[in-house]
Amino acid sequence: METQQESRQDGKTIARIDVNRIMQAIPHRYPFLLIDRMEDIVLGEEATGIKNVSVNEPFFPGHFPGRPVMPGVLIVEAMAQTAATLVVLSLGEAFEGKLVYFMTIEGAKFRRPVEPGDQLRIHVAKERHRSNVWKFRGEARVDGVVVAEATFSAMIMG
């Protein structure tokens, strides 16, 4: 049984990976690991991260009591974690666990609240890659409706 749930059809695509494989790729851990799995991965190009939003998230008691809403900044962080995992998968084992730092966040827009019970589908697509800097466009959807979007760049520390 493949615990990583990797399915390389042509050496460039991976059908899906689970949270254990994500934790091999990036150093984030609970309560700050914000993606549960990834799907439709095209190495070096694009991927979709999945976040199942639970009422048990540690930020909900304070954001907001009586009306839990996932903070927009954490939705952008989930985009970045999806992109960082894609970068590590694309670059290979030597980059597993390396730190990836935000450099820019541009054009962030939040279109509707994300609440407990929602499933975020976070699509990221590479816009540019030079040296150890990657730029991505991210879009988060719930039930097919865009809830947030942003363009961001990050640097992987090799």
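Residues numbered from 1 in each chain as written. Predicted model: local features only at pLDDT ≥ 70, side-chain atom pairs only at ≥ 80, totals over all residues. Heavy atoms only, no water.

Here we come to the nonpolar core. Residues Ile41, Met70, Met79 and Leu120 are the most contacted members of the largest nonpolar core, which totals 41 residues. For this core, the element with the highest residue contribution is helix H2 (residues 72-91), accounting for 12 residues. Leave out the neighbours within four places in its chain, and Met79 touches Ile122, Val124, Gly138, Glu139, Ala140, Ala148, Glu149, Ala150 and Phe152. (Core = buried A, V, L, I, M, F, W, Y, C linked by side-chain atoms within 4.5 Å. Buried < 20%, exposed > 50% of the residue type's maximum accessible area, 1.4 Å probe, protein only. Helix = DSSP H or I, 4+ residues; strand = E, 2+ residues; numbered from the N terminus. Contact = heavy atoms within 4.5 Å.)

Next up on the list: unusual backbone geometry. With an omega of 5 degrees, the peptide bond between Tyr30 and Pro31 qualifies as cis. Structurally, the position occupied by Pro31 is in the loop between helix H1 (19-25) and strand S2 (37-42). Between His63 and Phe64 the backbone carries a cis peptide bond, its omega angle lying at 0 degrees. One non-glycine residue, Asp40, lies in positive phi territory at about 50 degrees. When you line up the elements, Asp40 lands in strand S2. One non-glycine residue with positive phi stands out, namely Ser131, at about 55 degrees.

This part takes up the sheet that holds strand S4 (residues 100-110). The strand order across the open sheet built from seven strands is S1-S2-S3-S5-S6-S7-S4, with neighbouring strands paired in antiparallel fashion. Whereas interior strands pair on both sides, the edge strands pair on one side only; in this sheet they are strand S1 (13-17) and S4. Shown here is a sheet whose adjacent strand axes are inclined to one another by a mean of 20 degrees, direction ignored. Here four bridges tie S2 to strand S3 (residues 46-52), and the two strands are oriented antiparallel to one another. Within S3, the position partnered with Arg37 by the bridge is Ile50. Packing against the sheet, H2 makes contact with S1, S2, S3, S4, strand S5 (119-130), strand S6 (133-142) and strand S7 (145-156), and its axis sits at approximately 50 degrees to S7. (Pairing = 2+ DSSP bridges. Axes fitted to C-alpha atoms, helices over the stretch in contact; angles between N-to-C directions.)

With that settled, consider the side chain of Glu39. Locating Glu39 in the fold gives a position in strand S2. Judged by its relative accessible area of 14%, Glu39 falls in the buried class. Looking at Glu39, its side chain comes within polar contact range of the side chain of Arg37, at 3.0 Å. Excluding residues within four positions of it along the chain, Glu39 makes contact with Ala15, Arg16, Ala47, Thr48, Ile50 and Arg121. (Polar contact = N/O pair within 3.5 Å; in protein donor to acceptor, adjacent residues only side chain to side chain.)

Attention shifts here to the confidence of the model for the protein chain. On average, residues of the protein chain carry a pLDDT of 93, and 94% of them reach 70 or more. Taken together, the stretch residues 1-9 has pLDDT below 50 and engages in 20 contacts with residues farther than four places along the chain or on a different chain. (pLDDT = per-residue confidence, 0-100.)

Evaluated as defined, the whole model comprises 11 salt bridges. Ionic pairing is found between Arg21 and Glu96, a salt bridge with its closest N-O pair at 3.0 Å. You can see Arg21 sitting in helix H1 and its partner Glu96 sitting in the loop between H2 and S4, a full 75 residues away along the chain. Using a relative accessible area of 7% as the deciding quantity, one classes Arg21 as buried. Measuring nitrogen to oxygen at the nearest pair gives 2.4 Å for the salt bridge that ties Glu115 to Arg67. Separated by 48 residues along the polypeptide, Glu115 in the loop between S4 and S5 and Arg67 in the loop between S3 and H2 bring together distant segments of the chain. (Salt bridge = Lys/Arg side-chain N within 4 Å of Asp/Glu carboxyl O.)

So, on to the packing of aromatic side chains. This structure, assessed with the given rule, holds four aromatic pairs. Centre to centre, the rings of Trp134 and Phe136 are 6.2 Å apart; their planes meet at 10 degrees, and the pair counts as stacked. Here the two residues Trp134 and Phe136 agree in accessibility, since each one is buried. Ring centres of Phe136 and Phe152 lie 6.0 Å apart, and the angle between their planes is 20 degrees; on these two criteria the pair is classed as stacked. Here Phe136, found in strand S6, pairs with Phe152, found in strand S7; they are 16 residues apart in sequence, far enough to count as distant. When sorted by exposure, Phe136 lands in the same class as Phe152, which is buried. (Phe/Tyr/Trp six-rings, centres within 6.5 Å; stacked < 30°, edge-to-face > 60°.)

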